[in-house]
Amino acid sequence: MRRIVITGIGVISPLGNDTATTWNALLEGRSGIGQITQFDATNFATRIAGEVKNFSPTAHGIEEKEAKRLDRYQQFALATAIEAVRDSGIEFEKEDRERCGVSYGIGFGGIISFESEHTKFLQQGPRRISPFVIPQLIANLGPGYISIHFGLKGPQYCPVAACATGTFGIIEGFRAIREGVAEVMVAGGCEAAISAMSVGGFCAMKALSTRNEEPTKASRPFDKNRDGFVPGEGGAALILEELEHAKARGAKIYAEVVGWGSSSDAFHITQPAPGGEGAYRAMKYALASAGIGPEQVQYINAHGTSTPFNDKLETAAIKQLFGEHARNLKINSTKSMVGHLLGGAGSLEAAVTALSIYHGRIHGTMNYETPDPECDLDYVPNRAEDLDITYAISNSFGFGGVNGVLVLAKY
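From a predicted model like this one, the values you see are computed outputs, not experimental measurements.

Draft legend 1. Structural detail: helix α8 (residues 196-205). By the burial criterion, the buried members of α8 are Ser198, Val199, Phe202 and Cys203. Around the axis of α8, the buried residues are gathered within 135° of arc, so they sit on the same side. Counted as exposed and oriented over 90 degrees from the buried face of α8: Met197 and Ala204. In this fold, the buried residues of α8 make contact with α4 (111-124). Once α8 ends, the next one or two residues include Lys206, with phi positive near 60°.

Laid out in structure tokens, this is it:
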């Protein structure tokens, strides 16, 4: 069986425009959540978000002319991929590019460009619409631009799975290598949907936190006083590589991807299934895929959205699968500091899981202040901890009842 390892990581997040800055901020317990600046949110019930700050596409190696043609999500996608490739040390000009591909998911597509061009259309008519708007809107232009930039001619996938999108980007990249159709995959996902329509839509659903006066305390996964998630933007790219291929070029290895699981709740478009039944099955399938038992897992990077339903049902699913061992697990939520990156959440959290394994350290779940009787496990409250991790899980659950789980291991 072909083994797949992570040899490069690239991150854009509300905490920083690269992996190291984001990772250090997470360990320090800093928050990237603040007042929305990308549009006038004065009349919105939620006026806070995890925005990416001071982002410059040219600083990431994207030519200025090209950057102007890209939606913000496409800039993020290309920037994360460029950092991941640089971090991995891989030189694609020395590779068989037909054996190198991209699996990078986007949830919303170019919603920022759509809103801008639609306003222009209403005010000035159809002749003023940008000729670049269609490529800006289409989600698969994220992986498309990555493929073009590096000349990668292998498989190209763009999974769309709501809040589990980034996780499925990694799953499909893993499968491509495992099935022998690629040696290297740039895998992950991102999102740039801090826009009036998307935030307004989530407000209408009453899904978001309204703790506007305390933005850094608004995302509080598993805390009794949680009141909704905080929207965020950004994402991550991972270089997935067949083990022998990575060893042959002396690559640094962060972690090994050893299994994955997926399930559907088949219950409700937004609410998780009772008891976290779908999440339970996805985690169970992932452990079976990895060939390990529940007692071998030390750490879970939870979906942990800070919504009343998700957190208690994810906890219930963990307790059902792990039994008494659930009390021994360390569980944290990256969303406590960056908010919910939507289509980019799963990839960022998988990157954080890999970094946690590599460095033997996990960040805390910030803002966990008031225990919830229905959320009674060890969520690593408010501080980082050292942890020797052999196996870890990264959970992602999305609207439509889609569940995706990755199992990562120390190499």
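Draft legend 2. Seen up close, the packing of helix α10 (residues 277-290) against helix α11 (residues 308-322). Between α10 and α11, the shortest axis-to-axis distance is 8 Å and the interhelical angle comes to 45°. Our classification of the angle between α10 and α11 gives oblique. For the pair α10 and α11, the crossing hand works out as right-handed. In contact with Ala279, Tyr280, Met283, Lys284 and Leu287 of α10, α11 contributes Ala317, Ile318, Gln320, Leu321 and Phe322. Class assignment of the residues belonging to the contact of α10 with α11 gives a composition of 8 nonpolar, 1 polar and 1 charged.

Draft legend 3. Just the packing of aromatic side chains, in detail. Applying the stated criterion across every chain, the model contains 9 aromatic pairs. Arranged with centres 5.2 Å apart and planes meeting at 80°, the rings of Phe202 and Phe229 form a pair that is edge-to-face. Taken together, the positions of Phe202 in helix α8 and Phe229 in the loop between α8 and β7 (234-242) put the pair 27 residues apart, joining distant regions of the chain. With a relative accessible area of 9%, Phe202 lands in the buried category. Note on Phe229: relative accessible area 5%, which makes it buried. A network of ring pairs unites the aromatic residues Phe108, Phe202, Phe229 and Phe399 as a single cluster.

Reading guide: rules and limits
Residues numbered from 1 in each chain as written. Predicted model: local features only at pLDDT ≥ 70, side-chain atom pairs only at ≥ 80, totals over all residues. Heavy atoms only, no water. Buried < 20%, exposed > 50% of the residue type's maximum accessible area, 1.4 Å probe, protein only. Helix = DSSP H or I, 4+ residues; strand = E, 2+ residues; numbered from the N terminus. Arc of directions from axis to C-beta. Contact = heavy atoms within 4.5 Å. Axes fitted to C-alpha atoms, helices over the stretch in contact; angles between N-to-C directions. Parallel < 35°, antiparallel > 145°, perpendicular 65-115°, else oblique. Left-handed = near helix turned anticlockwise from the far one by under 90°. Nonpolar A, V, L, I, M, F, W, Y, C, P; charged D, E, K, R; others polar. Phe/Tyr/Trp six-rings, centres within 6.5 Å; stacked < 30°, edge-to-face > 60°.

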